[in-house]
Amino acid sequence: MTIKNLAISATLATFIVIPTATLADTFSLWVRSDGSEFMPKLVEAFNAQGEHEARLQIVPVTEMVQKYGIAAAGGSAPDALSLDLIYVPSFANSGQLKDITEFSKSLPYFDSLSQAHLELGTLDNKIYGLPFSGDASVLLWNKDLYREAGLDPEAGPTTWAEIREHAEAINALGDETYGYYFSGNCGACQVFTFTPMIKASGSDIFADNGQTATLDTPVMRSAIEFYRNMVKDGLVPAGSQTDGGQNFFATFASGNIGISPIGSFAIGALNNQYPDLDFGVTFIPGQNGDWSSFAGGDNFVVSVGTEKMEAIEAFIELAYSLEGQKILATNGALPVRGDIAEDALEGLDSRYITSFKAMENGSTPYSIYFNDLINSRNGPWITTLNRAIFSDSAEEIQNILKDGEKEMQSIIDAAN
Amino acid sequence: MSLTYQQPDIKKPVSKRRKKSNRAQWIGLLYIMPAIALVVVFFVIPLGMTMWMSLHKWPLLGVQSWVGLANYEQLLSDNGFWQALWFTIQYTVAATVGLIGVGLALALMVQSQGRAIAFYRTAYFIPVVTGFASASLLWVWLSNVDSGLFSPLLQNLGLTDERTNLLATYGPAFWLVTIMVVWKMAGFYMVILMSGLQSIPADYQEAARIDGAKAWQRFRYITAPLIKRPFALALIMCVALSMLAFDQFYIILNGGPQNSTITAVYKIFNESFVSFRLGYGAAMSMVLLLILVALSIVQLRLLRDREDS
């Protein structure tokens with residue numbers, strides 16, 4: 001008796017109980033918690049059409065992959081899900097996702113869908129994931145605190161030196177106010193917000209198409225030094241060292257933080273939940289100017305066993321309509337249809353436009369071992385960064401980076 | 001139900017008796033069927049599946065392939081697993097001493113009757129009924145250096161010079177979790193030990209008192225031997241549960257600082273559901289199971305009543 005057999009019999013059981021191809025279908029849909037602003041609104045709009053019904057479940061972002069993997073193995077996978085685009089290749093590779101090439105190519109606007117998303121959604125010329133929502137990392141600053149500190153509230157920092165300078169000014173405002181915040185023990189948060197600083201300064205954490213880890217580089221060392229000094233000088237709250245991502249968004253939202261690199265998702269969440277917080281959005285800068293962004297987001301994927309394609313296709317079409325793209329845009333996700341992006345963003349303030357630009361020109365560091373290397377709470381990426389940024393002496397940094405690079409490389413080599 | 005074999009010299013009554021006892025056996029079996037079914041469905045079958053999986057390369061998503069004992073071979077040289085096991089043993093010693101010690105002290109305090117005592121008993125037991133995950137989340141907040149309780153408290157009491165992040169260094173982080181577990185679970189062991197204390201007839205203590213035995217002597221020579229059985233139960237449960245610790249280290253510490261608090265089950269979770277190597281995780285589970293069985297046997301032997309041996 002294997003799990004697969006169980007899965008098959010479970011699927012058979014649903015066949016018997018529920019007559020297929022009824023007019024109105026109800027399909028189950030998952031989204032990670034980052035999408036908790038736009039997805040419920042989209043589902044509401046879809047269900048209001050009255051034809052089909054989507055049942056939404058929001059899954060904590062750190063548990064999404066495990067939960068889906070277990071559900072798929074146990075035969076209770078959702079019909080469709082909005083999946084972090086990073087994971088689409090490995091999910092498709094293991095045969096969990098439905099080939100939706102035909103439907104995708106039949107969309108008249110197929111060619112104007114986000115290419116970065118489609119690249120990760122395609123395997124062996126078959127499409128398994130359609131671009132769904134965009135999320136780019138950007139730098140947020142608190143305009144109220146800028147005013148209080150006598151800084152120009154309309155000019156966010158554009159170099160590391162400026163970040164440091166502004167953070168110091170804000171830190172001086174009081175005991176409970178801090179210049180800068182980052183989640184220092186969260187691999188996913190750091191790859192999203194810290195690697196753009198490396199990229200914008202002319203380096204990267206992977207080379208050779210993800211086959212070589214490059215942590216021990218001069219740029220990396222100065223970026224670590226930059227963060228380490230801010231921590232050492234008390235510009236960052238002490239909780240950062242042990243924040244595994246729980247406070248990635250909440251700390252800046254508390255209003256006591258001057259500058260924090262977060263993602264475009266925070267714009268919608270802040271506007272909806274903290275309407276009084278006056279904040280600006282700018283690009284994540286490199287050491288001496290220039291900028292970069294982690295172009296992330298979700299692909300829409302369909303579980304291989306689903307029988308609800310009609311309803312799912314209707315949902316995708318709604319999401320791609322101007323109405324759908326507008327719902328995304330006004331709730332912190334970036335539109336993924338290039339031909340109507342401008343219309344979707346029309347009337348929104350410049351913060352959204354900045355994020356969309358960041359998305360368009362950002363890049364996605366990619367490795368099929370992403371979960372093991374980067375997102376794991378105990379993986380080499382976050383362990384190394386945490387050790388280096390919070391180390392007692394600057395001399396240790398290079399050795400820590402060397403060790404981390406070796407460990408990442410050994411995981412990549414072992415998997416090959 | 002012991003049946004002694006008797007010589008079949010008188011035919012009829014024996015066959016009747018045998019029929020009867022056969023029927024009794026069938027009825028007995030029927031009565032325990034629900035229990036057997038539960039054990040088979042929720043223990044024996046999953047155990048067999050784990051065993052089966054441990055002999056495969058079994059990715060969470062995708063196709064599995066037979067690898068024989070390769071997972072176990074790899075395990076022998078996997079430092080991470082042995083480190084996790086060593087940490088788990090250290091934690092088990094600390095947690096068991098704390099839990100049984102505090103549990104016994106509480107049990108001695110609340111063994112008599114009275115309204116006030118009933119109140120204390122309830123108060124000590126309340127943390128037990130919260131789940132480990134919710135208790136851990138509560139302590140995540142309490143131990144947050146910026147918005148929690150402990151760090152400012154220690155600072156205001158003058159125990160630390162500045163606000164210290166208790167979760168950032170191994171020592172404080174380890175003891176914080178251990179104290180949290182003692183706070184949460186001591187009430188449970190209190191109840192087990194208290195039931196033992198209450199079953200000791202009052203005359204024994206009275207007689208000893210009349211003979212001039214001091215409090216410590218009464219505990220050593222009367223109480224301790226008479227609560228041996230509930231004590232053994234408490235000890236075995238405590239060791240087994242501590243060896244399987246996971247939630248508190250996952251939720252409060254994320255296995256940090258610097259992966260120094262990864263327990264055996266945490267390691268199994270990481271291998272199975274982060275690295276997606278279910279087969280390897282299953283092999284680890286089997287090894288952990290063997291260790292637990294061995295530990296329980298040793299404890300049962302040590303605490304066996306003399307007359308049994």
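These numbers were taken from a predicted model, which means no experiment stands behind them.

Chemist: It is not clear to me how the overall build of chain B should be interpreted in this structure. Could you clarify?
Modeler: Within chain B one finds 13 helices and two strands. Relative to the globule expectation of 19 Å for 309 residues, the C-alpha radius of gyration of chain B, 26 Å, shows a markedly less compact shape. C-alpha extents for chain B along the principal axes are approximately 90 × 70 × 30 Å. Per-residue burial for chain B yields a buried fraction of 41% across its 309 residues. Pairs at least 24 apart in sequence give 66% of the contacts found in chain B among residues at least 6 apart. Put simply, chain B has 24 plus and 14 minus side-chain charges, and the middle of one group is 17 Å from the middle of the other.

Chemist: Would you mind going over the overall build of chain A with me for this structure?
Modeler: Counting its regular elements, chain A contains 20 helices and 14 strands. Its C-alpha atoms give chain A a radius of gyration of 22 Å, within 12% of the compact-globule value 22 Å for 416 residues. A principal-axis box enclosing the C-alpha atoms of chain A has dimensions of 65 × 50 × 35 Å. Within chain A, the proportion of its 416 residues that are buried is 56%. Within chain A, contacts between residues separated by at least 24 positions form 76% of all contacts whose residues are at least 6 apart in sequence. Just so you have it, chain A exposes about 16300 Å², and 50% of that area is on carbon and sulfur atoms.

Chemist: Explain the pairing of strand β13 (residues 289-292) of chain A to me, please; I cannot follow it from the model alone.
Modeler: All names here are of chain A. Pairing analysis gives three bridges linking strand β12 (residues 284-286) to β13, with the strands arranged antiparallel. Looking across to β13, one finds that Pro285 is bridged to Trp291. Linking β12 to β13, which pair antiparallel, is a turn of two residues.

Chemist: Before we go on, may I ask you to explain the interface of chain A and chain B in this structure?
Modeler: One widely used convention gives an interface's size as the accessible area the parts lose upon coming together. Counting residues at the interface gives 32 residues for chain A, matched by 26 residues for chain B. Counting the surface lost from both chain A and chain B, the interface buries some 2500 Å², and carbon and sulfur atoms represent 50% of this. Our enumeration of links across chain A and chain B arrives at zero salt bridges. Put simply, chain A and chain B have 14 residue pairs in polar contact (both at pLDDT 80 or more) between them. Top element by residues in the side of chain A that touches chain B is helix α3 (residues 64-73) of chain A. It accounts for six residues. Along the lines of polarity and charge, the residues of the side of chain A that touches chain B split into ten nonpolar, 16 polar and six charged.

Chemist: Quick question: what am I supposed to make of the domain arrangement of chain B here?
Modeler: All names here are of chain B. Looking at chain B, the domain boundaries give domain 1 (2-53) and domain 2 (72-308). Its C-alpha centre places domain 1 at a distance of 38 Å from the equivalent point of domain 2. Counting residues at the interface gives four residues for domain 1, matched by seven residues for domain 2. The three residues of domain 1 that bury the most area against domain 2 are Thr50, Met51 and Met53, which together make up 78% of that side's buried surface. There are zero salt bridges connecting domain 1 and domain 2. Grouping the constituent residues of the side of domain 1 that touches domain 2 by class yields three nonpolar, one polar and no charged.

Chemist: Mind showing me how you'd approach the domain arrangement of chain A here?
Modeler: All names here are of chain A. Considered domain by domain, chain A is made up of domain 1 (5-135 + 295-360) and domain 2 (136-294 + 368-415). Its C-alpha centre places domain 1 at a distance of 29 Å from the equivalent point of domain 2. For the pair domain 1 and domain 2, the summed buried surface comes to about 1900 Å²; carbon and sulfur atoms form 56% of the total. A salt bridge links Arg377 to Glu63; the nearest nitrogen and oxygen atoms lie 3.3 Å apart. At the boundary of domain 1 and domain 2, one finds twelve residue pairs in polar contact (both at pLDDT 80 or more). When residues of the side of domain 1 that touches domain 2 are traced back to their parent elements, those giving at least two are β6 (129-142), β14 (295-302) and α17 (350-361). Looking at the side of domain 1 that touches domain 2 element by element, the count peaks at seven residues for α17. In terms of residue class, the side of domain 1 that touches domain 2 is built from eight nonpolar, seven polar and seven charged.

Chemist: I keep staring at the packing of aromatic side chains and nothing clicks. Help me out?
Modeler: To describe a pair of aromatic rings, one takes the distance between the centres and the angle between the planes. Summed over the entire model, instances satisfying the criterion amount to 44 aromatic pairs over all chains. Taking the centre distance of 6.3 Å and the plane angle of 20° together, the rings of Phe132(A) and Phe315(A) count as stacked. Here Phe315(A) lies in helix α14 (residues 309-320) and Phe132(A) lies in strand β6, a separation of 183 residues in the sequence. Between Phe81(B) and Trp82(B), the ring centres sit 5.2 Å apart and the planes meet at 70°, which makes this aromatic pair edge-to-face. Judged by relative accessible area, Phe81(B) falls into the buried class, the value being 0%. For Trp82(B), a relative accessible area of 33% translates into the label partly exposed. An aromatic cluster is built from Trp160(A), Tyr180(A), Phe182(A), Phe194(A), Phe226(A), Tyr227(A) and Phe390(A), whose rings are joined through pairwise contacts. In this arrangement the basic side chain of Arg337(A) is found over the ring face of Tyr109(A), its NZ or CZ atom lying 3.8 Å from the centre.

Chemist: What is the right way to look at the state of the cysteines in this model?
Modeler: One way to say it: the disulfide is the covalent bond shared by the sulfur atoms of two cysteines. Residue and element names in this part refer to chain A. One pass over the full model with this rule turns up one disulfide over all chains. Note on cysteine connectivity: Cys186 is disulfide-linked to Cys189, with sulfurs 2.1 Å apart. Given an S-S torsion of about 75°, the disulfide between Cys186 and Cys189 has right-handed geometry. A residue is classified by how much of its surface remains accessible, and Cys189, at 6% relative accessible area, is buried.

Chemist: Is there a simple way to think about the confidence of the model for chain B in this case?
Modeler: Low pLDDT marks stretches whose predicted atomic positions should not be read closely. Residue and element names in this part refer to chain B. Looking at chain B, pLDDT values average 89 and 92% of them are 70 or higher. Taken as a whole, residues 1-6 scores under 50 in pLDDT and shows four contacts with residues more than four places along the chain or in a different chain. In the model output, the complex is listed with pTM 0.83 alongside ipTM 0.79.

Chemist: I'm lost on the side chain of Ser151(B) in this one. Help?
Modeler: By the secondary structure assignment, Ser151(B) is in helix α6 (residues 150-156). Of note is the side chain of Ser151(B), whose polar atom sits 2.8 Å from the backbone oxygen of Thr164(B).

Chemist: How do you make sense of the environment of Tyr146(A) when you look at a structure like this?
Modeler: All names here are of chain A. With respect to the helices and strands, Tyr146 occurs in helix α7 (residues 143-148). Since its relative accessible area comes to 0%, Tyr146 is described here as buried. With 85 residues separating them along the chain, Tyr146 and Val61 place their C-alpha atoms 31 Å apart. When neighbours within four sequence positions are excluded, Tyr146 is seen to be in contact with Trp141, Leu151, Asp152, Pro153, Ala155, Pro157, His166, Ile170, Gly258 and Ile259.

Parameters at a glance
Residues numbered from 1 in each chain as written. Chains lettered and ligands numbered in written order. Predicted model: local features only at pLDDT ≥ 70, side-chain atom pairs only at ≥ 80, totals over all residues. Heavy atoms only, no water. Helix = DSSP H or I, 4+ residues; strand = E, 2+ residues; numbered from the N terminus. Rg over C-alpha atoms; globule rule 2.2 N^0.38 Å. Buried < 20%, exposed > 50% of the residue type's maximum accessible area, 1.4 Å probe, protein only. Contact = heavy atoms within 4.5 Å. Lys, Arg positive; Asp, Glu negative; His and termini not counted. Charge placed at Lys NZ, Arg CZ, Asp CG, Glu CD. Areas by Shrake-Rupley, 256 points an atom, 1.4 Å probe, with all protein chains shown as cover. Pairing = 2+ DSSP bridges. Buried area = accessible area lost by both parts, 1.4 Å probe. Salt bridge = Lys/Arg side-chain N within 4 Å of Asp/Glu carboxyl O. Polar contact = N/O pair within 3.5 Å; in protein donor to acceptor, adjacent residues only side chain to side chain. Nonpolar A, V, L, I, M, F, W, Y, C, P; charged D, E, K, R; others polar. Domains from an automatic or database assignment. Phe/Tyr/Trp six-rings, centres within 6.5 Å; stacked < 30°, edge-to-face > 60°. Lys NZ or Arg CZ within 6 Å of the ring centre and 35° of its normal. Disulfide = S-S within 2.5 Å. pLDDT = per-residue confidence, 0-100.

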